[in-house]
Amino acid sequence: DVKVTQSSRYLVKRTGEKVFLECVQDMDHENMFWYRQDPGLGLRLIYFSYDVKMKEKGDIPEGYSVSREKKERFSLILESASTNQTSMYLCASSDQVLARSPNFGPGTRLTVT
Amino acid sequence: AQTVTQSQPEMSVQEAETVTLSCTYDTSESDYYLFWYKQPPSRQMILVIRQEAYKQQNATENRFSVNFQKAAKSFSLKISDSQLGDAAMYFCAYRRGSAAAGNKLTFGGGTRVLVKP
């Protein structure tokens, strides 16, 4: 069973702090994704990575960066957290088979105060 | 860019009854995949059903079935014999059918399903 784990279920940070959200998958998937989930807006893609050290911007990359130094790990970084980044963050991973659904992590609910 | 629209923010259904969730999408491509996901209060995204655009037959998984209308770009989900455990957020998602970097999904805004006992 594919497992995608996220470092925290809940996180509370202060405005201006640097925040790291970690995601690890154990199935040797090439692709990894970070989504942000907000009520009424669904899931919006922040960044994705299709290989180690390779990354591409998604639909809402402003205020975020990512790092993928190892295949199994994909980190989302908020350089200077702001209150409008309070949200649920979901990580996912997938292989190259288009018909196969990605596997999702349990989500991190981040609150920035 | 592809967009996915779920026009019903919330739907309520009586236990054992049927509910249909709507989803429309916009794409210029002919080959793609469509997915429905369930997100219960645990927040774990669970794949409910998948449809390949090249298949005319509507996908079915137990009590869940879709009505895929390719020309209308519509992909509705029908939940039959609703159970209390079906209460959740449901998301429709689109993925292009040609290999591209990342093979990302585009999601709709979600529909909350409430099941009344």
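As the structure is a prediction and not an experimental result, all values here were calculated from the model.

1. Considerations on the interface of chain B and chain A
Listed as interface residues are 25 residues of chain B and, on the opposing side, 31 residues of chain A. Interface area lost by chain B to chain A is led by B:Arg43, B:Arg95 and B:Lys104, which between them contribute 30%. Counting the contacts that link chain B with chain A gives 0 salt bridges. At the boundary of chain B and chain A, one finds 13 residue pairs in polar contact (both at pLDDT 80 or more). For the side of chain B that touches chain A, the secondary-structure elements that each account for two or more residues are β5 (32-39), β6 (46-52) and β10 (88-96) of chain B.

2. A look at the sheet that holds strand β3 (residues 19-25) of chain A
All names here are of chain A. The sheet built from 4 strands is open, its strands ordered β1-β3-β8-β7 with antiparallel pairing. Looking along the sheet, the strands with just one partner apiece sit at the ends: β1 (4-6) and β7 (65-70). Neighbour-to-neighbour, the strand axes of this sheet turn through a mean angle of 20°, independent of strand direction. Of the pairings in the sheet, the one linking β3 to strand β8 (residues 73-78) comprises 6 bridges and is antiparallel in character. Each bridged residue has a counterpart across the sheet, and for Cys23 the counterpart in β8 is Phe74.

3. Some remarks on the state of the cysteines
All names here are of chain B. A complete count under the given rule lists 2 disulfides over all chains for this structure. In this model, Cys23 is linked to Cys92 through a disulfide, with the two sulfur atoms separated by 2.0 Å. Linking Cys23 and Cys92, the disulfide has an S-S dihedral of approximately -70° and is accordingly described as left-handed. Here Cys23 is found in the loop between β3 (19-21) and β4 (24-26), whereas its partner Cys92 is found in strand β10, with 69 residues between them in sequence. Each of the two residues, Cys23 as well as Cys92, counts as buried.

4. What to know about the environment of B:Ala71
Note on placement: B:Ala71 falls in the loop between β8 (64-69) and β9 (74-79). Expressed as a C-alpha distance, the spacing of B:Ala71 and B:Leu105, which sit 34 residues apart in the sequence, is 21 Å.

5. Comments concerning the nonpolar core
B:Tyr25, B:Trp36, B:Phe75, B:Leu77 and B:Tyr90 are the most contacted members of the largest nonpolar core, which has 25 residues in total. For this core, the elements supplying multiple residues, two or more each, are β3, β5, β6, β8, β9, β10 and β12 (111-116) of chain B. If you tally residues by element for this core, the top one is β10(B), at 4 residues. Discounting residues that sit within four places of it in the chain, B:Leu77 has contacts with B:Val19, B:Thr20, B:Leu21, B:Trp36, B:Val48, B:Ile49, B:Phe64, B:Ser65, B:Val66 and B:Tyr90. Of all hydrophobic cores here, the second largest spans 20 residues; its members include A:Trp34, A:Tyr64, A:Phe74 and A:Leu76.

So, how was this worked out
Residues numbered from 1 in each chain as written. Chains lettered and ligands numbered in written order. Predicted model: local features only at pLDDT ≥ 70, side-chain atom pairs only at ≥ 80, totals over all residues. Heavy atoms only, no water. Contact = heavy atoms within 4.5 Å. Buried area = accessible area lost by both parts, 1.4 Å probe. Salt bridge = Lys/Arg side-chain N within 4 Å of Asp/Glu carboxyl O. Polar contact = N/O pair within 3.5 Å; in protein donor to acceptor, adjacent residues only side chain to side chain. Helix = DSSP H or I, 4+ residues; strand = E, 2+ residues; numbered from the N terminus. Pairing = 2+ DSSP bridges. Axes fitted to C-alpha atoms, helices over the stretch in contact; angles between N-to-C directions. Disulfide = S-S within 2.5 Å. Buried < 20%, exposed > 50% of the residue type's maximum accessible area, 1.4 Å probe, protein only. Core = buried A, V, L, I, M, F, W, Y, C linked by side-chain atoms within 4.5 Å.

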